[in-house]
Amino acid sequence: MKFAVVSDIHGNIDALESVLEDIGKRNIDFIVSTGDLVGYLPFPNEVVDCIRSNRILTIQGNHDKAVAEFMDSGASRHSNRVIRDDNREYLAALPKSLLIQSAEASFLLVHGSPRRIDEYMYEDMEVLEALAYEFDEDIVISGHTHKPYHLQLGEKQFINAGSVGKPRHGNPRSTYVMVEARHGHIKCNIIEVDYSLDRIKEAIAIEDSIDNKLIHMLESGV
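Just so it is clear, the model here is predicted, and its values are computed rather than measured.

The rules we used
- Residues numbered from 1 in each chain as written.
- Predicted model: local features only at pLDDT ≥ 70, side-chain atom pairs only at ≥ 80, totals over all residues.
- Heavy atoms only, no water.
- Helix = DSSP H or I, 4+ residues; strand = E, 2+ residues; numbered from the N terminus.
- Buried < 20%, exposed > 50% of the residue type's maximum accessible area, 1.4 Å probe, protein only.
- Arc of directions from axis to C-beta.
- Contact = heavy atoms within 4.5 Å.
- Pairing = 2+ DSSP bridges.
- Axes fitted to C-alpha atoms, helices over the stretch in contact; angles between N-to-C directions.
- Phe/Tyr/Trp six-rings, centres within 6.5 Å; stacked < 30°, edge-to-face > 60°.
- Polar contact = N/O pair within 3.5 Å; in protein donor to acceptor, adjacent residues only side chain to side chain.

Colleague: I tried to follow unusual backbone geometry on my own but got confused; where do I start?
Modeller: Apart from glycine, the bulk of residues carry a negative phi angle, and the bulk of peptide bonds sit in the trans form. Despite not being glycine, Asp8 has its phi angle at roughly 50 degrees, a positive value. Mapped onto the fold, Asp8 is located in the loop between strand 1 (2–6) and helix 1 (13–23). The buried category is assigned to Asp8, whose relative accessible area is 0%. Phi angles above zero are rare outside glycine, and His10 is one such case at about 55 degrees. With respect to the secondary-structure elements, His10 resides in the loop between strand 1 and helix 1. His10 sits in the buried class, given a relative accessible area of 0%.

Colleague: For this particular structure, what's the right way to read the environment of Lys147?
Modeller: Mapped onto the secondary structure, Lys147 falls in the loop between strand 6 (139–142) and strand 7 (149–153). Residue Lys147 is classed as partly exposed on the basis of its relative accessible area of 40%. Along the backbone, Lys147 and Asp22 are 125 residues apart, and their C-alpha atoms lie at a distance of 19 Å.

Colleague: Is there a simple way to think about helix 5 (residues 85–93) in this case?
Modeller: By the burial criterion, the buried members of helix 5 are Asn87, Arg88, Tyr90 and Leu91. Here the buried residues of helix 5 occupy an arc of 155 degrees about the axis, which is enough to place them on one side. Counted as exposed and oriented over 90 degrees from the buried face of helix 5: Asp85, Glu89 and Ala93. Elements in contact with the buried residues of helix 5: helix 2 (44–53), strand 3 (57–58), helix 3 (62–68) and helix 4 (77–82).

Colleague: How should I be thinking about the sheet that holds strand 10 (residues 185–193) in this particular structure?
Modeller: Hydrogen bonds between backbone groups are what pair the strands of a sheet, and the pairing can be parallel or antiparallel. Spatially, 3-2-1-9-10 is the arrangement adopted by the five strands of the open sheet, whose pairing is mixed. The sheet terminates laterally at strand 3 and strand 10, the two strands that pair on one side only. Bridge analysis of strand 1 against strand 9 (residues 174–182) gives four bridges, and the strand direction is antiparallel. The partner of Val5 across the bridge, within strand 9, is Val177. Of the strands in this sheet, strand 1, strand 2 (30–33), strand 9 and strand 10 touch helix 1, which is tilted by about 30 degrees from strand 9.

Colleague: Just checking my understanding: could you explain the packing of aromatic side chains for this structure?
Modeller: In this description, an aromatic ring pair is defined by two values, namely the gap between the centres and the angle between the planes. On inspection of all chains with the given rule, the structure shows four aromatic pairs. With 5.3 Å between their ring centres and 90 degrees between their planes, Phe3 and Phe107 make a pair best called edge-to-face. Placement of the pair is Phe3 in strand 1 and Phe107 in strand 5 (residues 106–109), with a sequence separation of 104 residues. When the ring of Tyr120 is compared with that of Tyr122, the centres are 5.5 Å apart and the planes differ by 10 degrees; the resulting orientation is stacked. Look at Tyr122 and you get partly exposed, because its relative accessible area is 37%.

Colleague: Looking at this model, I keep getting lost on the side chain of His146. Mind explaining?
Modeller: Positionally, His146 belongs in the loop between strand 6 and strand 7. Here His146 falls in the buried class, since its relative accessible area comes to 2%. Side chain to side chain, His146 and His10 meet in a polar contact 3.4 Å long. Looking at His146, its side chain comes within polar contact range of the main-chain oxygen of Lys166, at 2.7 Å. Not counting residues up to four positions away in its chain, the partners in contact with His146 are Asp8, His10, Gly162, Ser163, Lys166, Pro167, Arg168 and His169.

Right, dumping it as structure tokens:
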């Protein structure tokens, strides 16, 4: 079994399309998403439409939940204003977690942590060691931090897919992970993908409900 995990797209359709093009070259069995399709950036409908048309298995992120429930925060304001009713209903119906079973391992997909949709699981061994006692699955795959990693702690493993649309790992390239479970072994590759920032920067600049500071964040990956 070989699958790709995308996360935290946040309305960045150009980044998503570039990542899906890269994934398409890698002979994977399926794609899953750990959520946050919307929030922050200008193209929430385009992202949700793309995820739906590609039949990507998706769980709900905290920003998806905010838009589904009409929470009017700064980060979700634009998405709340432009999202179509059918896409809002889609976000509301997304599950909070997803379980994938293979002969080699069981994978629990969450957005934040197994405890909460908005809890951050950074690459912090003390925090992860404590969390490792709170789930039965072999591997937890998450997003939310926008920083990718793969860490093994005893018999448990933690994988974070980083962010497709709003990376915070120190450069502007999108990240996703490719997970392979074969012959009793688990392999995880963190993959970075270039995409053009031109259209999204222009869209941010002309949209009053989106903070222009996001342009610098996208350019620098912070």
